[in-house]
Amino acid sequence: MSTRPTMADVARAAGVSTMSVSYTYNQPGRVSGSTRDRVLAAASELGYTGPHRAASSLRSGKTNNLGVVLTEKLTYSFENPEARAFLSGIAEACLDTDTGLVLLPNSRIGVDLDRIRDAHVDGFVLWTTVADDPVLDIITATGKPACIQGGPRHPGIEFIGIDDASAAHAIGTIGLFGARRPAIISFPCDRERIAETVLGPEPENATFPVTAARLAGYRRAVVEYGLGWEQIPVAFVPTNARAEGAVAARTLLDDYRADAILCTSDDLALGVLDAGASGVAVTGWDDSEAAGAAGLTTVAQSLYDQGRNAARWVLGSPSTLPQAEWSVVVRGSTR
């Protein structure tokens, strides 16, 4: 039975030390060109394909892989422009450090939790999830560095994201100008992702922290505007998709005669425009390319930068995270 040739076999065949073979594959700048040529020629003749990466990882304790934990389905990371931007930033950081990228779905049950617990990675970057997600404790128990975008805040996991409540208050103030019957289209309230319209829901009851923070900011803007929060219809959608925004908008337009609709994402706001909301003020969130083309008033933030900075922190540089910035971009969709 044939056995896999070893580094020592290559060293004997090339007439060099085992360390020279190791340098040839791992630090080629430390050997001469002639030594490197002899080592590679001997390796080719013996059928040696290089050091065993799994064994090297066991010795060093490093895998050179970064785990990205997604609350959404894996397809969401390719379909949603904001998720794509976030992942592109992570990929940029991985490229800079010669690190692999491992996408890990998180249904919060069963095999997904086991897969995350046993993932062969050096650390984790998480997409926002619910406050009671068991994966948060699972990841902290690994002892590996981790950073979450948008929350929830959890001991042992770094946070990156903007001040969603302040941003929602700022854009809500603009979107409400001149309105008499405002409404809101929001991300899911909790893990059940029920599509429903609720009058004046308590933001604190939302288990998705991004949902809770943005609703709190909108509520503050509504109260300052002089309206009762308990009168404001909030349409929760099951997923952050343009089509869901259009469905919710038709309900708000037909049943509540909404004349201003504040949305927690650009995709949802674009769905409102698709629904033919003529004369209705509309605001979005994230300042996507499509939002700019549609003339949408929105909150601008760079999820690309947040992804890149989160990954860099997990991978060891820098030691502290820069503050995530936001601004309101006013366009023609508001009065």
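Quick note: structure is the one above.
Remember, it's a predicted structure, so these values are computed and weren't measured experimentally. (Residues numbered from 1 in each chain as written. Predicted model: local features only at pLDDT ≥ 70, side-chain atom pairs only at ≥ 80, totals over all residues. Heavy atoms only, no water.)

*Asks:* Looking at this structure, how should I read the sheet that holds strand S7 (residues 196–199)?
*Replies:* One key point about sheets: their strands pair by backbone hydrogen bonds, in either a parallel or an antiparallel sense. On the basis of which strands lie adjacent, the open sheet formed by 5 strands has the order S7-S8-S6-S9-S10 and mixed pairing. Only two strands of the sheet have a single partner each, and these edge strands are S7 and strand S10 (281–283). This sheet shows a mean twist of 20 degrees between the axes of neighbouring strands, independent of strand direction. Sheet topology note: the strand S6 (residues 182–186)/strand S9 (residues 260–263) ladder contains 4 bridges and is parallel. The residue of S9 that forms the bridge with Pro 182 is Ala 260. (Pairing = 2+ DSSP bridges. Helix = DSSP H or I, 4+ residues; strand = E, 2+ residues; numbered from the N terminus. Axes fitted to C-alpha atoms, helices over the stretch in contact; angles between N-to-C directions.)

*Asks:* Any chance you could explain the pairing of strand S1 (residues 65–70) here in plain terms?
*Replies:* The two faces of a sheet get side chains in turn, since along a regular strand they alternate between them. Counted residue by residue, S1 has 5 buried out of 6 residues, so it is predominantly covered. Strand direction decides the pairing type here: S1 and strand S2 (residues 100–105), joined by 6 bridges, are parallel. Residue pairing in the sheet places Gly 67 in a bridge with Val 102 of S2. Across 3 bridges, S1 lies against strand S3 (residues 124–126) in parallel orientation. The residue of S3 that forms the bridge with Val 69 is Leu 126. (Buried < 20%, exposed > 50% of the residue type's maximum accessible area, 1.4 Å probe, protein only.)

*Asks:* It is not clear to me how the pattern of salt bridges should be interpreted in this structure. Could you clarify?
*Replies:* Pairs can form between side chains of opposite charge whenever their charged atoms are close. Under the definition given, this model contains 14 salt bridges. A salt bridge links Arg 312 to Asp 96, with the nearest nitrogen and oxygen atoms 3.4 Å apart. Of this pair, Arg 312 sits in helix H14 (residues 303–314) while Asp 96 sits in helix H6 (residues 81–96), placing them 216 residues apart in sequence. With relative accessibility at 30%, the residue Arg 312 sits in the partly exposed group. Overall, Asp 96 belongs to the partly exposed group, its relative accessible area being 46%. Note that Asp 274 and Arg 242 form a salt bridge whose closest N and O atoms lie 2.6 Å from each other. One end of the pair, Asp 274, is in helix H12 (residues 266–274); the other, Arg 242, is in helix H11 (residues 242–256), with 32 residues separating them in the sequence. Residue Arg 242 is classed as partly exposed on the basis of its relative accessible area of 38%. A single network of salt bridges, built from pairs that share partners, joins Glu 202, Glu 204 and Arg 219. (Salt bridge = Lys/Arg side-chain N within 4 Å of Asp/Glu carboxyl O.)

*Asks:* I'm lost on the environment of Ile 160 in this one. Help?
*Replies:* Tracing the backbone through its elements, the reader meets Ile 160 in strand S5 (residues 158–160). Counting along the chain gives 143 residues from Ile 160 to Leu 303, while the straight-line C-alpha distance between them is 9.9 Å.

*Asks:* Sorry, what's going on with helix H8 (residues 135–142) here?
*Replies:* Each turn of an α-helix holds 3.6 residues, which means side chains three or four residues apart point in the same direction. Within the span of H8, buried status applies to Val 135, Leu 136, Ile 138 and Ile 139. Along H8, the residues classed as buried sweep out an arc of 165 degrees about the axis, all on the same side. Check the buried side of H8 and you find it contacts S1, helix H7 (110–117), S3 and strand S4 (146–149). Just downstream of H8, Gly 143 is the residue with a positive phi angle, here 75 degrees. (Arc of directions from axis to C-beta. Contact = heavy atoms within 4.5 Å.)

*Asks:* Is there a simple way to explain the packing of aromatic side chains in this structure?
*Replies:* The final tally for this structure, using the stated rule, is 2 aromatic pairs. Plain terms: the ring middles of Tyr 25 and Tyr 48 are 5.5 Å apart, the flat faces sit at 80 degrees to each other, and that makes the pair edge-to-face. Of the two residues, Tyr 25 is situated in helix H2 (residues 18–26) and Tyr 48 in the loop between helix H3 (33–46) and helix H4 (53–60); the sequence distance between them amounts to 23 residues. Accessibility expressed as a relative area gives 23% for Tyr 25, which makes it partly exposed. Judged by its relative accessible area of 7%, Tyr 48 falls in the buried class. (Phe/Tyr/Trp six-rings, centres within 6.5 Å; stacked < 30°, edge-to-face > 60°.)

*Asks:* Explanation requested: the pairing of S4 in the structure shown.
*Replies:* Burial of S4 is two-sided: the residues Ala 146 and Ile 148 facing one way and the residues Cys 147 and Gln 149 facing the other way are all buried. Where S3 and S4 come together, 3 bridges link them in parallel fashion. Residue pairing across strands places Leu 126 opposite Ile 148, the latter belonging to S4. Two elements, S4 and S5, share 3 bridges in a ladder whose sense is parallel. Residue pairing in the sheet places Ile 148 in a bridge with Phe 159 of S5.

*Asks:* I would appreciate a short explanation of the nonpolar core in the present structure.
*Replies:* Membership of the largest hydrophobic core comes to 22 residues, with the highest contact counts inside it found for Ile 185, Leu 252, Ile 261, Cys 263 and Val 272. Among the elements of the structure, S6, H11, S9 and H12 are those that each provide at least two residues to this core. Counting residues per element, this core draws most heavily on H11, which supplies 4 residues. Setting aside residues up to four positions removed in sequence, Ile 185 forms contacts with Ala 235, Val 237, Gly 245, Ala 248, Ala 249, Leu 252, Ile 261, Leu 262, Cys 263, Thr 264, Leu 268 and Val 272. (Core = buried A, V, L, I, M, F, W, Y, C linked by side-chain atoms within 4.5 Å.)

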